[in-house]
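# Fold and contact review
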Amino acid sequence: MSALPTATREWLTGPGLTRLWESVRKRLESNGVQATGSLRLTATNPQERNDLSLLLGKPVTGAAVTVRLDVLDARLRASAAGLGLRQTLEELGPPLTDRRAARADATARREQVWSSLASSLDASPLADQEWPRQWYDLLRRSGVPRGVTPETAVWTLQQAVQVLTTLLEPERGGTLGRGELAAMATGSAHGLDDGTWLARLVQRGVALAHGTEFPDDAAGRRALWRLVSVTPDEVSSTVLTYGLRPAGEGWRERALRERAEHHAEAHLTPRDLRSLCLQLPAGTLIHICENPRVVEAAADAACVQPLVCTSGSAATVVFTLLDALAVTGCRFAYHGDFDWPGIALANRVIRRYEAQPWRMGTADYEHLAARSQAEGIPQLALDGQPVNADWEPDLAPAMTALGVALHEEATLDLLVDDLSRRT
């Protein structure tokens, strides 16, 4: 039930007073919800001037009017409303928010985050070391990620201190899996997954404790975990390969050569790549494709050229393998989809490894488009923002003109022919 009489409420909510209440609400919410000070309404219309005159008890004749909030408060109390300014506004609309108090509260809650972290560090075995102060200062400067509440931030920072205390304990021995460590610290095996705030907090602490730079790639972050005897997940992501014949007599090298001899593909994990000796003859040409179907077709045709597949957008493990092959002096040739994401990935690989485009020219695209049309294959529309090909300026305009996307499978027969030739 409203505390305002019905007729009074209807008059107060009329169009002649709408701008007044909006301005008063904004002023009260910004000044601690106190009926003090004044506000000015400009460009008032006849209806507003009439209603303001009745409300304020004095004639309002000009286009602009100054309203003292204490006077308005007294007028409302003495009127049929019988309520003060704050109570009247809350009858007419939602409760007022004391924004000044809310800001002060938010500031206090943010400060609590950092005072709690300082207390946790002071009470931990890390307190007598130098790097925790650097870590604290770094975290305070960078702040809490958007969307993380102060309560969650306090808890996460305490978890980070506990994890770092465990990892950097002088007497600690043995190796922990990252999932195992995460489950111990957070109750979830994914609590320290790459990209989580807790993982970044811990890794920054580890980097400072060991005097090393914080890595900006996944491979570097895995190396940082290993620095404190934590093994990240090195078995779930793989890179698809075919025909690699590395030198060396370890069982992994022999297994790869044997699979190559039997024309069988191989999935390599980051763990494999850490242990493999990927020594190939200098100058070996490695073909790179985007889609696993090319590897499957190459294996079915007993192709003789080595092949690495990015499997779409290329996970870190793909670049780990290609980096290792590049170090041995291998050369690269790249083929991918003729669509905009495919061109973007091709640019990335070609720039990084100075790879040669492999059937990725304008003439190749136009030939495939004409062939697929002649064969009655439905045309796939080329959608998205055009991407210029670093290796051939005419390719993007040609693709835009035809408006046809061609996936790697459209070139499969030609790619298999290339992979079947011995160089």
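Heads up: these notes are all about the structure in this document. (Residues numbered from 1 in each chain as written. Predicted model: local features only at pLDDT ≥ 70, side-chain atom pairs only at ≥ 80, totals over all residues. Heavy atoms only, no water.)

## So, the overall build of the protein
Within the protein, the regular secondary structure consists of 19 helices and 12 strands. Here the C-alpha radius of gyration of the protein, 34 Å, is well above what a compact globule of 423 residues would show, namely 22 Å. Taken along its principal axes, the extent of the C-alpha atoms in the protein is 100 × 70 × 35 Å. Long-range pairs, those at least 24 residues apart, make up 67% of the contacts in the protein with a sequence separation of at least 6. Taking the 44 positively charged and 52 negatively charged side chains of the protein as two groups, their mean positions are separated by 9 Å. (Helix = DSSP H or I, 4+ residues; strand = E, 2+ residues; numbered from the N terminus. Rg over C-alpha atoms; globule rule 2.2 N^0.38 Å. Contact = heavy atoms within 4.5 Å. Lys, Arg positive; Asp, Glu negative; His and termini not counted. Charge placed at Lys NZ, Arg CZ, Asp CG, Glu CD.)

## Describing the sheet that holds strand β10 (residues 356-357)
Taken in spatial order, the 6 strands make up an open sheet running β6-β5-β8-β7-β9-β10, and their pairing is mixed. The sheet is open, and its two edges are formed by β6 (265-268) and β10, each paired on a single side. Judged from the 3 bridges that link them, strand β5 (residues 239-242) and strand β8 (residues 307-309) form a sheet pairing that is antiparallel. In the strand pairing of β8, Leu 240 is matched with Cys 309. (Pairing = 2+ DSSP bridges.)

## Some words on helix α5 (residues 85-92)
Of the residues making up α5, those classed as buried are Leu 85, Thr 88 and Leu 89. For α5, the buried positions fall inside an angular range of 100 degrees around the axis, keeping them on one side. Those residues of α5 that are buried are in contact with α1 (6-12), α2 (18-30) and α4 (69-78). (Buried < 20%, exposed > 50% of the residue type's maximum accessible area, 1.4 Å probe, protein only. Arc of directions from axis to C-beta.)

## Overview of the pairing of strand β2 (residues 65-68)
Going residue by residue along β2, you find Val 65 and Val 67 tucked away on one face and Thr 66 and Arg 68 left uncovered on the opposite face. Relative to β2, strand β1 (residues 38-41) runs antiparallel, the two being bridged by 4 bridges. Paired with Arg 40 across the two strands is Thr 66, which belongs to β2.

## Remarks on the side chain of Glu 234
You can see Glu 234 is positioned in the loop between β4 (230-231) and β5. We classify Glu 234 as buried; its relative accessible area is 3%. Among the polar contacts listed, one links the side chain of Glu 234 to the side chain of Arg 274, at a separation of 3.0 Å. Non-local contacts of Glu 234, meaning those with residues more than four positions away in its chain, are made with Arg 222, Arg 226, Thr 269, Pro 270, Arg 271 and Arg 274. (Polar contact = N/O pair within 3.5 Å; in protein donor to acceptor, adjacent residues only side chain to side chain.)

## Brief notes about the nonpolar core
Counting residues in each nonpolar core, the largest one holds 45 residues, and the members touching the most others are Leu 325 and Phe 332. Counting residues per element, this core draws most heavily on helix α16 (residues 340-353), at 7 residues. Once residues lying within four places of it in the same chain are set aside, the contact partners of Phe 332 are Leu 285, Ile 286, Ile 288, Leu 322, Leu 325, Ala 326, Tyr 353, Ala 355 and Gln 356. Residues Leu 121, Leu 126, Val 206 and Trp 225 belong to the second largest nonpolar core, which totals 35 residues. (Core = buried A, V, L, I, M, F, W, Y, C linked by side-chain atoms within 4.5 Å.)

Worth remembering: the numbers are spatial, not functional.
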